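Next come the chains, spelled out residue by residue.
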Amino acid sequence: MSKLDAKIPEGPLADKWTNHKAKLHLVNPANRKKIDIIVVGTGLAGSSAASTLGELGYNVKVFCYQDSPRRAHSVAAQGGINAAKNYKNDNDSVYRLFYDMIKGGDYRAREANVYRAAEVSNLVIDHYTALGVPFARDYGGYIDNRSFGGVQVSRTFYAKGQTGQQCMIGAYSALSRQISKGTVTMYPRREMMDLVVIDGKARGIVVRNLITGEIERHSAHAVVLATGGYGTIYYLSTLALNSNGSAAWKAFKKGAYFANPSFVQIHPTSIPVLNDHQCKLTLMSESLRNDGRVWVPKQKGDTRKPNDIPEDERDYYLERRYPAFGNLVPRDVASRAAKERCDAGYGVGPTGLSVYLDFKDAINKKGRQVIEDSYGNLFDMYHKITGESPYETPMRIYPAGHYTMGGLWIDYNLMTTVPGLFAIGEANFSDHGANRLGASSLMQTSGDGYFILPYTIADYLADEIKTPKIATNLPQFDEAEKNARERINKFLSINGTETATSFHKRLGKIMWDYCGMVRNEEGLKKALTLINELKEEFWKNLKVPGTGEELNQELEKAGRVADFMELGKLLVYDALNRKESCGAHFREESQTDTGEAKRNDEQYSYVAAWEFNGDGNEPQLHKEELKFEFVKLQERSYK
Amino acid sequence: MNIKLKIWRQKNAKSKGRFETYQLNDVAEDMSFLEMLDYLNGTLIKNGKEPVAFDHDCREGICGSCGIYINGRPHGNDHRTTTCELRMRLFKDGDTVTLEPWRSASFPVVKDLVVDRSAFDKITNAGGYISVNAGAAQDANAIPVPKHNADVAFDTASCVGCGACVAACKNASAMLFVAAKVTHLAQFPQGRIEAVERIKSMVAKMDELGFGSCTNTRACEAECPKGISISTIAKLNREFISAKIKD
């Protein structure tokens, strides 16, 4: 039997989740406290899942690498969170949200999953509001909404440019309440070193205590990975520096399939690279494109200051190319359009690798105060980093690695191909297809944790109520711990001359150049060779100072970079295999006459799910055909 | 530019710390402060020395991980900034920069510039939440909330839990942190229900964990990267006293 049974329920789209829920098995309240669940990660996915499972009465253990669960990278989401409330009376609906996501994802997402994400979105907003998340309100006391890229309604709930922080604080507070009640035990400053699989089922994890270096064993009846995306594979990205792909990678090596790994979102509006020591790119929220207009000079290599360039000598290229959506085209489209202008020699700034995002018209029309109320903190952030005020001078922006649509393959119950191992939030692959729309991430990750996983995990656990507590002295735990120790010792014993960061930077450049915004066969093949060479050098010439029995940040980095070397190859295999362009995956060989992504639905309308095939071997490809029963596949046009 | 760094080095919580001095050349103006430290660490590792441990993550001022006492001020000499947002253009060629960890008995040093701020989580666990289970809430627009209250809630919930308020306070008080949380949640009808209990339990936990008392020097407000106002402390005191009178 194929492992790729997506378990999508039969029936009309709008009834699938309702009917499915009615059939899911339950665990009765008295049995729940006998069941242990491990959740790895405390972003909106992990915190929401953990607190909800705690509220239901399960015995939950939660792990994060940060010193506090509140610091998970969901905190950095800026623009907003979508829901189909139709509070603006602009004819929004669950169906329309679903449709926008399917189209926005360039028809590479599962219909049933996407519809469900849209369906539970309203519950998410209700819950966050009850938890005290201060969404923006109008003077009547009702909640305000704004618009985001790729849609023609205003469905984005927001809290200035700090929606992630504000939702995270809500999710963290609910988690704190369960910690105080004792239903959830929190383990901060722990890094997952391995997944423990016993008799084919996920039964625990081995973690490293980042303060003491101790290797700890934790067992459970089920394991939930809420470990986010792997965008830091590009080194320079909008992600937190310690974000990594290691937990998902360990799961992959233990049998979980990895789906569409090359689907990586390059965000169009990041502050450009300033110097060679830079380790991070700061995002400027997509919401800015509601009021900001993107342009470059009409004349190549124009060195005049932006405010000195008259109106008729500016090329508002997004408005020119995409009149229907203008500055609010989806991210992949906006990113490629910026790259196209810069590659053609029209880019601005010292490197020529940036474009303007100009608020002059909006400030003139709405007044400075309105703009400050909407984006004040983002403008301040930009000012601090660049030394320039966007109230006076247009921002300079350029695309940067951001979100990974790809992730662990899951079925409709959010379970991976390893029974008992679940993946939620950005760590899974299912809802955003080949491109994610803005503000859909907080929506999906919270929906998974609050309103989907707690139901579907019970269906699995219903068969586990007779399984006693899993012992941590089983041979599978011995082996996982032994492997973790050996790996740490190996890092410490190489004693070469180059730091993990330096290798990471070199890997990032390979990934960005050959597996970034545009890809082609020749470049991808070259990338494989380059990664192999770099990997070899890494294991010969890495330098990790210190010991394993203490806080050792270099040792942490080494482990993450080692995994990225392998994951990078998987991205390349996936990008090579998919000889079509779709969403963020742009193969130069497959484009329309006007330079837009050209899909090949006949051959590639599937999810590419990769199976680990042993170290050094090519991974095995499995295909999950995507069936579109409710939406007609069309060319994705924003013109 | 060339700068001299005096950095607090401490192997672990038990060992004794000391200042070490490092000369760092070719620091670029548009580096962030932490990129400058990355640069220092790269140099130290290449020379066979231990890099300086410091907490950091998002590098854009929102996760609250970073926190270094720089030239006698938490997060350094700039208005409303976290350490990661601090830029080297604020320093001059030839400057000596002193780096220390947060100084508070309630935030013990873990290593070098890294401290243990889990006391903040413990205070939050003591009541920094609204007791609502997933699935229990009514429609988000069923209870209108005046815009003013929503704005106050936003401002106070923008606390990133970095601990600069404690580090800045001569009494190492956590009052601004606690006051921000209770003020945030009290802006909503749902949050009012447990408001009194919340204040009492969070203040009791703060005292138990060894944080000092507030003596209104306003150092916390001056150093808070998110500009949280000390007026929240006044609000907390008012509610705390009225609750205690009723007891």
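Residues numbered from 1 in each chain as written. Chains lettered and ligands numbered in written order. Predicted model: local features only at pLDDT ≥ 70, side-chain atom pairs only at ≥ 80, totals over all residues. Heavy atoms only, no water.

**Comments concerning the overall build of chain A**
Now for step 1: Counting secondary structure elements, chain A contains 17 helices and 19 strands.
Now for step 2: In summary, chain A has a C-alpha radius of gyration of 24 Å against a globular reference of 26 Å for 639 residues, a match within 12%.
Now for step 3: Dimensions of chain A, computed from the C-alpha atoms along their principal axes, are close to 75 × 60 × 50 Å.
Now for step 4: For chain A, buried positions account for 68% of its 639 residues.
Now for step 5: Within chain A, counting contacts between residues at least 6 apart in sequence, those at least 24 apart form 74% of the total. (Helix = DSSP H or I, 4+ residues; strand = E, 2+ residues; numbered from the N terminus. Rg over C-alpha atoms; globule rule 2.2 N^0.38 Å. Buried < 20%, exposed > 50% of the residue type's maximum accessible area, 1.4 Å probe, protein only. Contact = heavy atoms within 4.5 Å.)

**As for the overall build of chain B**
Now for step 1: When helices and strands are counted, chain B shows nine helices and seven strands.
Now for step 2: Here the C-alpha coordinates of chain B stretch approximately 60 × 35 × 35 Å along the principal axes.
Now for step 3: Relative to its 247 residues, chain B shows a buried fraction of 57%.
Now for step 4: The contacts in chain B between residues at least 6 apart in sequence include a share of 68% that link residues at least 24 apart.

**Structural notes on the nonpolar core**
Now for step 1: Ile81 and Tyr128 of chain A are the most contacted members of the largest nonpolar core, which totals 234 residues.
Now for step 2: Tallying contributions element by element places helix α16 (residues 553-577) of chain A first for this core, with 13 residues. (Core = buried A, V, L, I, M, F, W, Y, C linked by side-chain atoms within 4.5 Å.)

**Observations concerning helix α1 (residues 33-46) of chain B**
Residue and element names in this part refer to chain B.
Now for step 1: For α1, with 14 residues, the first-to-last C-alpha span of 20 Å sits near the 20 Å given by 1.5 Å per residue.
Now for step 2: Listed as buried for α1 are Phe33, Leu34, Glu35, Met36, Leu37, Leu40, Asn41, Leu44 and Ile45.
Now for step 3: Positioned one or two residues after α1, Gly48 has a phi angle of 75°, which is positive. (Expected span 1.5 Å × (residues − 1).)

**Side note on the interface of chain A and chain B**
Now for step 1: On the chain B side, the residues contacting the 76 residues of chain A number 74 residues.
Now for step 2: Across the chain A to chain B interface the summed buried area is about 6000 Å²; carbon plus sulfur atoms make up 52%.
Now for step 3: If you sort the residues of chain A by the area they bury against chain B, Arg71, Arg137 and Lys384 of chain A come out on top, with a joint share of 12%.
Now for step 4: Our count for the chain A to chain B interface comes out at 41 residue pairs in polar contact (both at pLDDT 80 or more).
Now for step 5: With nine residues, helix α6 (residues 163-181) of chain A is the largest single contributor of residues to the side of chain A that touches chain B.
Now for step 6: Within the side of chain A that touches chain B, the residues separate by chemical class into 31 nonpolar, 29 polar and 16 charged. (Buried area = accessible area lost by both parts, 1.4 Å probe. Polar contact = N/O pair within 3.5 Å; in protein donor to acceptor, adjacent residues only side chain to side chain. Nonpolar A, V, L, I, M, F, W, Y, C, P; charged D, E, K, R; others polar.)

**What to know about the sheet that holds strand β14 (residues 355-358) of chain A**
All names here are of chain A.
Now for step 1: The five strands are arranged β11-β15-β14-β12-β13 in an open sheet whose pairing can be described as antiparallel. The strands lining the two open edges of the sheet, one partner per strand, are β11 (264-270) and β13 (314-315).
Now for step 2: Sheet topology note: the strand β12 (residues 293-297)/β14 ladder contains three bridges and is antiparallel. Bridge pairing in β14 links Arg293 to Asp358. (Pairing = 2+ DSSP bridges.)

**Structural notes on the pattern of salt bridges**
Where charged atoms from two side chains of opposite charge approach closely, those side chains can pair.
Now for step 1: Inspection of every chain in the model, using the stated rule, returns 80 salt bridges over all chains.
Now for step 2: Across the salt bridge formed by Arg314 of chain A and Asp358 of chain A, the nearest N and O atoms sit 3.1 Å from each other. Separated by 44 residues along the polypeptide, Arg314 of chain A in strand β13 and Asp358 of chain A in strand β14 bring together distant segments of the chain. The pair Arg314 of chain A / Asp358 of chain A is uniform in exposure class, with both members buried.
Now for step 3: Of the charged contacts, one joins Asp95 of chain B and Lys92 of chain B as a salt bridge, the two residues approaching to 4.0 Å between their closest N and O atoms.
Now for step 4: When salt bridges with common partners are traced through the structure, they connect Asp106, Arg108, Asp332, Arg336, Arg578, Glu580, Arg599, Asp601 and Arg636 of chain A into a single cluster. (Salt bridge = Lys/Arg side-chain N within 4 Å of Asp/Glu carboxyl O.)

**Observations concerning the environment of Val223 of chain A**
All names here are of chain A.
Now for step 1: By secondary structure assignment, the location of Val223 is in strand β9 (residues 222-225).
Now for step 2: Sequence spacing of Val223 and Pro419 is 196 residues, and the spatial spacing of their C-alpha atoms is 9.5 Å.
Now for step 3: Non-local contacts of Val223, meaning those with residues more than four positions away in its chain, are made with Ile38, Leu195, Ala202, Arg203, Gly204, Ile205, Gly420, Leu421 and Phe422.

**Focus: the packing of helix α1 (residues 16-23) of chain A against helix α5 (residues 111-131) of chain A**
All names here are of chain A.
Now for step 1: Between α1 and α5, the shortest axis-to-axis distance is 9 Å and the interhelical angle comes to 90°. Classified by the interaxial angle, the pair formed by α1 and α5 is roughly perpendicular. Only Ala112, Arg116, Glu119 and Val120 of α5 make contact with α1, whose side of the interface consists of Lys16, Trp17 and Thr18.
Now for step 2: Within the contact of α1 with α5, the residues separate by chemical class into three nonpolar, one polar and three charged. (Axes fitted to C-alpha atoms, helices over the stretch in contact; angles between N-to-C directions. Parallel < 35°, antiparallel > 145°, perpendicular 65-115°, else oblique.)

**Points about the packing of aromatic side chains**
Residues and elements named next belong to chain A.
Now for step 1: The tally for this structure, following the rule as stated, stands at 36 aromatic pairs over all chains.
Now for step 2: Seen in terms of ring centroids, Phe63 and Tyr187 are 4.8 Å apart; in terms of plane orientation they differ by 10°. Their pairing is stacked. Pair noted here: Phe63 is in strand β2 (residues 59-63) and Tyr187 is in strand β5 (residues 184-187), with a separation of 124 residues, a long-range link. Of the two residues examined, Phe63 and Tyr187, each falls in the buried class.
Now for step 3: Here Tyr230 and Phe258 contribute two aromatic rings whose centre-to-centre distance is 5.6 Å and whose plane-to-plane angle is 70°, an arrangement assigned as edge-to-face. (Phe/Tyr/Trp six-rings, centres within 6.5 Å; stacked < 30°, edge-to-face > 60°.)

**Quick notes on the sheet that holds strand β8 (residues 215-219) of chain A**
Residues and elements named next belong to chain A.
Now for step 1: A sheet is described by the order of its strands in space; here three strands give the open sequence β6-β7-β8, paired in antiparallel fashion. One side of each edge strand has no neighbouring strand; the edge strands of this open sheet are β6 (190-198) and β8. If you compare each strand with its neighbour and ignore which way they point, the axes differ by 25° on average.
Now for step 2: Of the pairings in the sheet, the one linking β6 to strand β7 (residues 201-209) comprises eight bridges and is antiparallel in character. For Val197, the partnering residue across the bridge sits in β7 and is Ala202.

**Let's talk about the packing of helix α13 (residues 475-494) of chain A against helix α15 (residues 521-541) of chain A**
All names here are of chain A.
Now for step 1: Look at α13 against α15: their axes get within 7 Å of each other, and the N-to-C directions meet at 80°. For the element pair α13 / α15, the angle class is roughly perpendicular. Contacts between α13 and α15 involve Lys490, Phe491 and Ile494 from the first element and Phe538, Trp539, Lys540 and Asn541 from the second.
Now for step 2: Looking at side-chain class alone, the contact of α13 with α15 contains four nonpolar, one polar and two charged residues.

**Some details on the side chain of Thr42 of chain A**
Residue and element names in this part refer to chain A.
Now for step 1: With respect to the element layout, Thr42 can be found in the loop between β1 (36-40) and α3 (44-56).
Now for step 2: Of the polar contacts made by the side chain of Thr42, one reaches the backbone oxygen of Pro69; its length is 3.0 Å.
Now for step 3: With sequence-adjacent residues up to four places away left out, Thr42 is seen in contact with Ser47, Val62, Phe63, Cys64, Gln66, Pro69, Ala72, Met168 and Met186.

**Brief notes about unusual backbone geometry**
Residue and element names in this part refer to chain A.
Now for step 1: The backbone of Asn89 sits at a positive phi, close to 55°, despite the residue not being glycine.
Now for step 2: Position of Asn89 among the secondary structure elements: in the loop between β3 (81-82) and α4 (94-104).
Now for step 3: With relative accessibility at 66%, the residue Asn89 sits in the exposed group.
Now for step 4: The backbone phi angle of Asp106 is positive, close to 55°, even though this residue is not glycine.

**Side note on the pairing of β7 of chain A**
Residue and element names in this part refer to chain A.
Now for step 1: A large share of β7 lies buried, amounting to eight of its nine residues.
Now for step 2: As consecutive antiparallel partners, β6 and β7 are separated by two residues, and within that stretch Asp199 has a phi angle of approximately 50°, a positive value.
Now for step 3: Hairpin connection between β7 and β8: a loop of five residues separates the two successive antiparallel strands, and Gly213 in this loop has a positive phi of roughly 80°.

**Notes on the side chain of Glu550 of chain A**
Now for step 1: Mapped onto the fold, Glu550 of chain A is located in the loop between α15 and α16.
Now for step 2: One polar contact links the side chain of Glu550 of chain A to the main-chain amide nitrogen of Thr547 of chain A, over a distance of 2.9 Å.
Now for step 3: Not counting the four nearest positions on each side in its chain, Glu550 of chain A is found in contact with Arg208, Leu210, Ile211, Thr212 and Gly213 of chain A together with Lys11, Glu50 and Lys111 of chain B.

**A closer look at helix α14 (residues 500-515) of chain A**
All names here are of chain A.
Now for step 1: Helix length check: α14, at 16 residues, gives a terminal C-alpha distance of 21 Å against a target of 22 Å (1.5 Å per residue), a fit within 8%.
Now for step 2: Of all the residues in α14, the buried ones are Ala500, Phe503, His504, Leu507, Gly508, Ile510, Met511 and Cys515. Along the axis of α14, the buried positions cluster into a sector of 165°, meaning they face one direction only.
Now for step 3: Tucked inside the fold, the buried residues of α14 contact α15 and α16. (Arc of directions from axis to C-beta.)

The values are spatial; any link to function lies outside them.
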